[in-house]
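Each chain, letter by letter, is given below.
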Amino acid sequence: MRSSVSRLSLWLLLTPFLLWIVLLVLLPHLQMLRVSFLVRESWDTLAWGFEQYQNFFTESYYWRTFVRTGVMSLFTTFLTLIIAFPIAWYIARLARGRSKGILFLACLIPFWASELVRTYGWMILLRESGLFSSWLQALGWADGPVEMLYNDVAVIIGLVYNGLLFMVVPLVTTLDGMDENLVEAGYDLGGGHGTVLREIVVPWAMPGIVSGCIVVFMLTLGSYLTPVLMGGKDSAWFTEQIFTQFITRFNWEQGAALGVLLLILSSVIVWLGLKISGQSLRKVMG
Amino acid sequence: MTRWLPRTYLTLVYILLYVPIVVLVVFSFNESRTGYAWGGLSLRWYEALFNNRAMVTAMWNSLWLALSAATVSTVIGALTALALHRYRFRGKKLLNGMLFVVMMSPEIVLAISLLALFLLVGLQLGYVSLLLAHVTFCLPFVVITVMARLSGFDESLPEAARDLGASDFTMTRTVLIPVIMPALLAGWLLGFTLSLDDVVVSTFVSGPSYEILPLRIYSMVRVGLKPEVNALGTLLLVFSLVMLMLSQWILVRSKR
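Rules of the game
- Residues numbered from 1 in each chain as written.
- Chains lettered and ligands numbered in written order.
- Predicted model: local features only at pLDDT ≥ 70, side-chain atom pairs only at ≥ 80, totals over all residues.
- Heavy atoms only, no water.
- 1 Å grid on protein atoms, 1.4 Å probe; cavity = no way out; pocket = protein on both sides within 12 Å on 5 of 7 lines; lining within 4 Å.
- Points joined across faces, edges and corners; volume = space filled by probe spheres on them.
- Helix = DSSP H or I, 4+ residues; strand = E, 2+ residues; numbered from the N terminus.
- Pairing = 2+ DSSP bridges.
- Contact = heavy atoms within 4.5 Å.
- Buried area = accessible area lost by both parts, 1.4 Å probe.
- Salt bridge = Lys/Arg side-chain N within 4 Å of Asp/Glu carboxyl O.
- Polar contact = N/O pair within 3.5 Å; in protein donor to acceptor, adjacent residues only side chain to side chain.
- Nonpolar A, V, L, I, M, F, W, Y, C, P; charged D, E, K, R; others polar.
- Buried < 20%, exposed > 50% of the residue type's maximum accessible area, 1.4 Å probe, protein only.
- Core = buried A, V, L, I, M, F, W, Y, C linked by side-chain atoms within 4.5 Å.
- Expected span 1.5 Å × (residues − 1).
- Bend = angle between axes of the 7 residues up to and from the residue.
- Phe/Tyr/Trp six-rings, centres within 6.5 Å; stacked < 30°, edge-to-face > 60°.
- Patch = residues over 30% accessible without salt bridge, like charges linked within 9 Å, V, L, I, M, F, W, Y side chains within 5 Å.
- Areas by Shrake-Rupley, 256 points an atom, 1.4 Å probe, with all protein chains shown as cover.
- Lys, Arg positive; Asp, Glu negative; His and termini not counted.
- Charge placed at Lys NZ, Arg CZ, Asp CG, Glu CD.
- UniProt positions renumbered as here; feature names shortened; annotations may be inferred.
- Axes fitted to C-alpha atoms, helices over the stretch in contact; angles between N-to-C directions.
- Parallel < 35°, antiparallel > 145°, perpendicular 65-115°, else oblique.
- Left-handed = near helix turned anticlockwise from the far one by under 90°.

The next subject is empty space enclosed by the protein. One pass over the full model with this rule turns up 1 cavity of 30 Å³ or more. A volume near 40 Å³ is recorded for the largest cavity. Taken together, Leu116, Val117 and Tyr120 of chain A together with Leu24, Ile217, Val221, Val229 and Gly233 of chain B form the lining of the largest cavity. Those elements that provide at least two residues to the lining of the largest cavity are helix 5 (115-126) of chain A together with helix 10 (213-223) and helix 11 (227-255) of chain B. When residues of the lining of the largest cavity are assigned to their parent elements, the largest contribution, 3 residues, is made by helix 5 of chain A.

Structure, rendered in structure tokens:
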């Protein structure tokens, strides 16, 4: 009796969630998968086939864009790690008491603004008629307006900015739990800064590093607003192609296939990263 | 090691973190139309905003959408978190995993899959499709916020309530709900902000019948940089900041 009552209440509690998973997560993804295997033979007849996937590998524009997006995302992730590590180290190991909390919060607040607002802020700074350009001219370092927007550097600045917090938080968490004696022992045994960092700190912080990198990489690879707004029309980001196929060209079959490929390829890259770093997803994501 | 090096680095990074946001806010009060020269303090862009009927409509639409999306996700999220916390059952790990997969997977994939489904079942794009989509990406965040709260919850409390003769229902009402209330509020505020800020998913699943604010801002930003956008961005920023600070404050205060 007791157990059947608790079964019932479990079902009652869980039903809305299961409906959500089935109707709004599984079904849409299955439909996307189905559409991606359709081939348009004429304007009103569709057949099954792999043509959309073949297009990805045969039309160099598609896979080149993907490779470019992937490489730039990896670079962005690496750069974010390099920039975030000292900040996390300072917050976790050097800051004490009140200032620790304040520094952490101060790092958090800019990320409460939406991606659109943050990106727009950078556009005000970097565009031709923007602040940086006018400062350069006022200082006499440039003769005319300088366009700093709409290039790869601008895109990477925007992406690193968007990813920073997601790198800092896991790093602070792991570095916080590190025993001070470990570092001291390293120095006592004659290790220099480089050795201690390489042999003690980095191995200890590895779960945090990997988890930060995965989140930043996925965020970067799947981002749409930042590359489009800061990279301009030619930023050639993979998500942009999905958008173009769906919205501009009404070629849903191709767009769906590109979406499926984005999911698969990003999972493969994350999986490879886990293998190479010798971490497991469960350990990394807590 | 020298002490000034880490401090300088930290200061520099923090300045860069705040510059884009501060500039946006400052220039929203700029009388001049240009993006680099200061023409005096003015509220003209805010005035222009509120005199624009379509803009005000989009604002109300956005607020209503965020309110409903946050409420629906909080109700479902609370039930789910309770189920995941209180019961052990087969497939529980899988459900937990699904939450993370949905949170991590690219927004645009979620957007096109939902669009594909909505069109398949013939759902008119508008308020309902937006609501369903927003609930979809808000829900995992709410569930995780509430679960985090429950994981620090003293299991002996519900036991004590039961030993004292309380029914499951009474126990839930008098013990469990008060305990998770702060997390519910925090989750609601988080969902509200996520919904209010979303551009990518909304671009795909909205129709001309229901215009919302972020999409208007986005199209304005794409066409060219208008000073009204500074004002609009500032409003959106202040709104998100207030909501999220409130949610953090509720969580921190309840821990004491």
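Residue and element names in this part refer to chain A. Relative to strand 2 (residues 45-48), strand 1 (residues 38-42) is paired through 4 bridges, and the arrangement is antiparallel. Each bridged residue has a counterpart across the sheet, and for Val39 the counterpart in strand 2 is Ala47. Where strand 1 folds back on strand 2, the antiparallel hairpin that results is connected by 2 residues.

The next thing to look at is the interface of chain B and chain A. When the parts of a complex come together, some accessible area is lost, and that lost area is often taken as the interface size. Across the contact, 75 residues belong to chain B and 76 residues belong to chain A. Taken together, both faces of the contact between chain B and chain A bury some 6700 Å²; the carbon and sulfur share is 81%. For the pair chain B and chain A, the number of links is 0 salt bridges. Where chain B touches chain A, the interface holds 7 residue pairs in polar contact (both at pLDDT 80 or more). No other element matches helix 1 (residues 4-28) of chain B, which puts 15 residues into the side of chain B that touches chain A. Split by residue class, the side of chain B that touches chain A holds 57 nonpolar, 10 polar and 8 charged.

This part covers unusual backbone geometry. Residues and elements named next belong to chain A. Here the phi dihedral of Tyr150 falls at roughly 65 degrees; this positive angle occurs in a residue that is not glycine. By secondary structure assignment, the location of Tyr150 is in the loop between helix 6 (131-138) and helix 7 (152-176). You will see that Phe250, though not glycine, has its phi angle at about 55 degrees, which is positive. The residue Phe250 is located in the loop between helix 11 (238-248) and helix 12 (252-277) in this model.

Moving on: the pattern of salt bridges. Across all of its chains, the model carries 5 salt bridges over all chains by this definition. A salt bridge links Arg40 of chain A to Glu253 of chain A; the nearest nitrogen and oxygen atoms lie 3.2 Å apart. Of this pair, Arg40 of chain A sits in strand 1 while Glu253 of chain A is found in helix 12, placing the two residues 213 residues apart along the sequence. By relative accessible area, Arg40 of chain A is classed as partly exposed at 45%. Among the residues examined, Glu253 of chain A registers a relative accessible area of 6% and is labelled buried. A salt bridge links Glu211 of chain B to Arg216 of chain B, with the shortest nitrogen-to-oxygen separation between them at 3.1 Å.

Membership of the largest hydrophobic core comes to 165 residues, with the highest contact counts inside it found for Phe17 and Trp20 of chain A together with Tyr14, Ile108 and Phe204 of chain B. If one sorts the elements of this core by residue count, helix 3 (residues 53-86) of chain B sits on top with 13 residues. Excluding its chain neighbours within four sequence positions, the residues that come into contact with Trp20 of chain A are Val25 of chain A together with Leu99, Val102, Val135, Thr136, Leu139 and Pro140 of chain B. Counting 6 residues, the second-largest nonpolar core is a separate cluster that includes Ile156, Leu159, Val160 and Trp237 of chain A.

Before going further, it helps to spend a moment on helix 3 (residues 60-94) of chain A. Because each turn of an α-helix spans 3.6 residues, side chains separated by three or four positions in sequence point in the same direction. Spanning 35 residues, helix 3 of chain A covers 50 Å between terminal C-alpha atoms, matching the ideal 51 Å at 1.5 Å per step. Its axis deflected by about 30 degrees at Ala84 of chain A, helix 3 of chain A carries its strongest bend there, up to four residues before the proline Pro86 of chain A.

Here we come to the packing of aromatic side chains. A complete count under the given rule lists 18 aromatic pairs over all chains for this structure. Relative to Phe238 of chain A, the ring of Phe66 of chain A has its centre 5.0 Å away and its plane inclined at 85 degrees; by these criteria the two rings are edge-to-face. In this pair, Phe66 of chain A sits in helix 3 while Phe238 of chain A sits in helix 11, placing the two residues 172 residues apart along the sequence. The two residues Phe66 of chain A and Phe238 of chain A agree in class, both being buried. With centroids separated by 5.5 Å and ring planes inclined at 80 degrees, the aromatic side chains of Trp122 of chain A and Tyr161 of chain A adopt a geometry described as edge-to-face. With Trp122 of chain A in helix 5 and Tyr161 of chain A in helix 7, this pair connects stretches of sequence that are 39 residues apart. Both residues of the pair, Trp122 of chain A and Tyr161 of chain A, belong to the buried class. An aromatic cluster is built from Tyr224, Phe243, Phe246 and Trp252 of chain A together with Phe204 of chain B, whose rings are joined through pairwise contacts.

Now for a negative patch on the surface. A surface patch of like charges, here negative, comprises Asp154, Glu155, Glu159 and Asp163 of chain B. By secondary structure assignment, the location of Glu159 of chain B is in helix 7 (residues 156-163).

In this section: a nonpolar patch on the surface. Together, Leu19, Val22, Leu23, Leu26, Leu27, Leu30 and Leu33 of chain A make up a nonpolar patch on the protein surface, roughly 570 Å² of accessible area in all. Taking the relative accessible area as the measure of exposure, Val22 of chain A reaches 41% and is therefore partly exposed.

Residue and element names in this part refer to chain B. With numbering matched to this structure, UniProt assigns "transmembrane region" (unreviewed entry) to residues 12-29, 63-85, 97-121, 127-148, 175-196 and 229-252. Here residues 12-29 is 94% helix and 0% strand, with 26 Å between the C-alpha atoms at its ends. Helix makes up 100% of residues 229-252 and strand 0%, with an end-to-end C-alpha separation of 34 Å.

Further remarks concern the packing of helix 7 of chain A against helix 9 (residues 193-221) of chain A. Residues and elements named next belong to chain A. Close contact between helix 7 and helix 9 brings their axes to 8 Å; oriented N to C, the two are set at 150 degrees. Between helix 7 and helix 9, the angle is such that the two are roughly antiparallel. In terms of crossing hand, the pair formed by helix 7 and helix 9 is right-handed. Considering only residue class, the contact of helix 7 with helix 9 consists of 15 nonpolar, 7 polar and no charged.

This part is about the environment of Ile144 of chain B. All names here are of chain B. With respect to the helices and strands, the residue Ile144 is situated in helix 6 (residues 127-151). On the accessibility criterion, Ile144 (26% relative accessible area) is partly exposed. For Ile144 and Val200, which are 56 residues apart along the polypeptide, the C-alpha to C-alpha distance reads 23 Å. Beyond its immediate sequence surroundings of up to four residues, Ile144 is in contact with Phe100 and Met103.

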